[in-house]
Each structure stands twice: as C-alpha cells, then as structure tokens.
Amino acid sequence: MSGRRALLAAVVAGLAVTAIAAADVNDPKTRITKADQAHAAAAVLRLSDLGAAWTGGPEKPNSVKIPVCPSNQPHYNDLTITGHAESGFALDTQGVDIDTDVEVFKSKAQVSKLISRVITPALGGCLRYDLVNSIGRSATVGLMTKQPVPAVGDRVGLFRLSLSLKSGGKTVKVLSDYLFLSNGRIQFFVNIVAPANVEDELPALESRIAKTLALRGTG
C-alpha cells in the first residue's frame, strides 16, 4: 500500500470508529420492522450505481450513533428507527472511499426533527470534533464549507472538511465530504473520503449519488 493510500485508510478507519460508538439513552429508539428493513436495504447505495471500477457492497449495520459533540448534544430518543442499512465502496485507482447509511424512521415528521437537530450552526464544529477524536491530533482539520448539490429529495446538504496529515516528512491533503439527504421517511448519511488531487471529479460523483438516492425515499 502506498503512503497516500495508507493515510487515507487511516482516515476511513478513524471515521468508522465514530460510527460504531456505544449507544446511549439519547439515541433514537430502534424498532425494526420487516417492511421498513426491506425499504432500507433497497434504498442503500449499490455497486451498480457507481460502476465497474468500484468494489464493495452492503455491510452489516453498526449500532446507530448520530454524532454529537460538546457544543451540540440534542436528544434523539423521541425518534424511532424502523429500518437500517449500510454499504461501503472503494475506488482504489483514485483512493476514493464512500460509506452510506440509510435510516428509515417511523414518520416523515421524525426525519424533519432529526435533520433540524443535526444541521445547525454547530455542525462544522461537531464534525471536526469527531474527526480529531477518531483520527488523532496528527491531523489538521480545516473549517467546514458548504458544497453545491442538486436540490433533490425533501432536504439536502453537502458539507466538506479538509484534512492535512503528516507522514514521513510529507503532508497529504484529504477531503471528507458529508451528504445529508432526506426523502419521505428515509434519512441518508453519505461520507465520501478522497485525496485532494481528485477534487474536481467529486462534484459529478456526489451529484449522481444525490440524484440516485433521492429516487429511493419512502412515504
């Protein structure tokens, strides 16, 4: 594995640590139903959505853990998740990794409550807090910036954090993009991690992902 790929792998592994953090009393309740689990499995990003050069597929869902941080600790325990699916993909030729998380909630109103508590002025600080805690202080994390994304679904937002990592006397810049997409009772969380040298190729990829997932909402 090249030094650049090793650093990217460390970033992806660090992000995964946040995803599998232990549940607490403020997390959404989980009441999985057969029908909504099928909805989640059908809605998650697929290998066929990306192309032959990609590898990956469905993954076993981890415990639900919506990121919180000292500056934003909302309660989600008035919400109920009824379906949950995840998938992960890699484009090794360019060093791009994608993780998708699909959560089906009891009602569309619950999705609205969720996203109103996640996308706040504190979001950038929370994402930076999670990154520093999971990857370590060897990484320098910049301020969050909002990225353009097609107006699809009920609500959509795309946000970016830039990371600078030092290894062997070299500095590597990595982009970590976060797509939040709501449609019907489904909430999509997508994280795209890529080296900065493919930055110009990300908008087309992220636009395609957003448009694809928006067609898979449920009422």
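Note that the structure is predicted; figures quoted are calculated from it, not measured.

## A few points about the packing of aromatic side chains
Counted under the stated rule, the structure contains two aromatic pairs. Aromatic pair Phe159 and Phe180: ring centres 5.9 Å apart, planes at 65 degrees, arrangement edge-to-face. Of this pair, Phe159 sits in strand E7 (residues 155-167) while Phe180 sits in strand E8 (residues 170-183), placing them 21 residues apart in sequence. Note on accessibility: Phe159 and Phe180 belong to one class, buried. A ring pair is formed by Phe180 and Phe189, whose centres lie 5.8 Å apart and whose planes are at 85 degrees; its orientation type is edge-to-face. For Phe180, a relative accessible area of 7% puts it in the buried group. What links up through ring pairs into an aromatic cluster is the set Phe159, Phe180 and Phe189.

## Focus on the confidence of the model for the protein
Per-residue pLDDT for the protein averages 85, and the proportion of residues at 70 or more is 84%. Mean pLDDT across the elements of the protein bottoms out in helix H1 (residues 3-19) (43) and peaks in helix H5 (residues 202-214) (97). The low-confidence segment residues 1-22, where pLDDT is below 50, has 45 contacts with residues more than four positions distant or belonging to other chains.

## Observations concerning the pattern of salt bridges
Taken as a whole and judged by the stated rule, the model has six salt bridges. Taking the shortest distance from any N to any O, the salt bridge between Asp36 and Arg185 comes out at 2.9 Å. Highlighted residues: Asp36 in helix H2 (residues 34-43) and Arg185 in the loop between E8 and strand E9 (186-195), separated in sequence by 149 residues. The same class applies to Asp36 and to Arg185, which are both buried. For the salt bridge of Glu199 with Arg160, the shortest nitrogen-to-oxygen distance reads 3.1 Å. Here Glu199 is found in the loop between E9 and H5, whereas its partner Arg160 is found in strand E7, with 39 residues between them in sequence. Looking at Arg160, the relative accessible area reads 6%, which means it is buried. Here the residues in one salt-bridge network are Arg160, Asp177 and Glu199, joined through shared partners.

## Some thoughts on the nonpolar core
Counting residues in each nonpolar core, the largest one holds 30 residues, and the members touching the most others are Leu50, Trp54, Val96, Ile98, Leu205 and Ile209. At the level of elements, H2, strand E3 (80-91), strand E4 (96-105), E8, E9 and H5 are the ones that each hand at least two residues to this core. Of all the elements, H5 adds the most residues to this core, at six residues. Membership of the second largest hydrophobic core comes to 24 residues, among which are Leu114, Leu123, Val141 and Tyr178.

## Let's talk about helix H3 (residues 108-118)
Residues Gln110, Val111, Leu114, Ile115 and Val118 constitute the buried set of H3. Buried residues of H3, seen end-on, are gathered within an arc of 130 degrees and therefore sit on one face of the element.

## Considerations on the pairing of E9
For E9, the tally of buried residues reaches 10 of 10 residues, placing the bulk of the element in the interior. Here E9 shows a buried face lined by Ile186, Phe188, Val190, Ile192 and Ala194 and a second buried face lined by Gln187, Phe189, Asn191, Val193 and Pro195. Of the strand pairs in this sheet, E4 and E9 are connected by eight bridges, and their pairing is antiparallel. Across the sheet, Asp99 pairs through a bridge with Asn191, a residue of E9. Looking at chain direction, E8 and E9 are connected through 10 bridges and run antiparallel. Along E9, the bridge assignment pairs Leu175 with Ala194. From the end of E8 to the start of E9, which pair antiparallel, there are two residues, and Gly184 there has a positive phi angle of about 60 degrees.

About the criteria used
Residues numbered from 1 in each chain as written. Predicted model: local features only at pLDDT ≥ 70, side-chain atom pairs only at ≥ 80, totals over all residues. Heavy atoms only, no water. Phe/Tyr/Trp six-rings, centres within 6.5 Å; stacked < 30°, edge-to-face > 60°. Helix = DSSP H or I, 4+ residues; strand = E, 2+ residues; numbered from the N terminus. Buried < 20%, exposed > 50% of the residue type's maximum accessible area, 1.4 Å probe, protein only. pLDDT = per-residue confidence, 0-100. Contact = heavy atoms within 4.5 Å. Salt bridge = Lys/Arg side-chain N within 4 Å of Asp/Glu carboxyl O. Core = buried A, V, L, I, M, F, W, Y, C linked by side-chain atoms within 4.5 Å. Arc of directions from axis to C-beta. Pairing = 2+ DSSP bridges.

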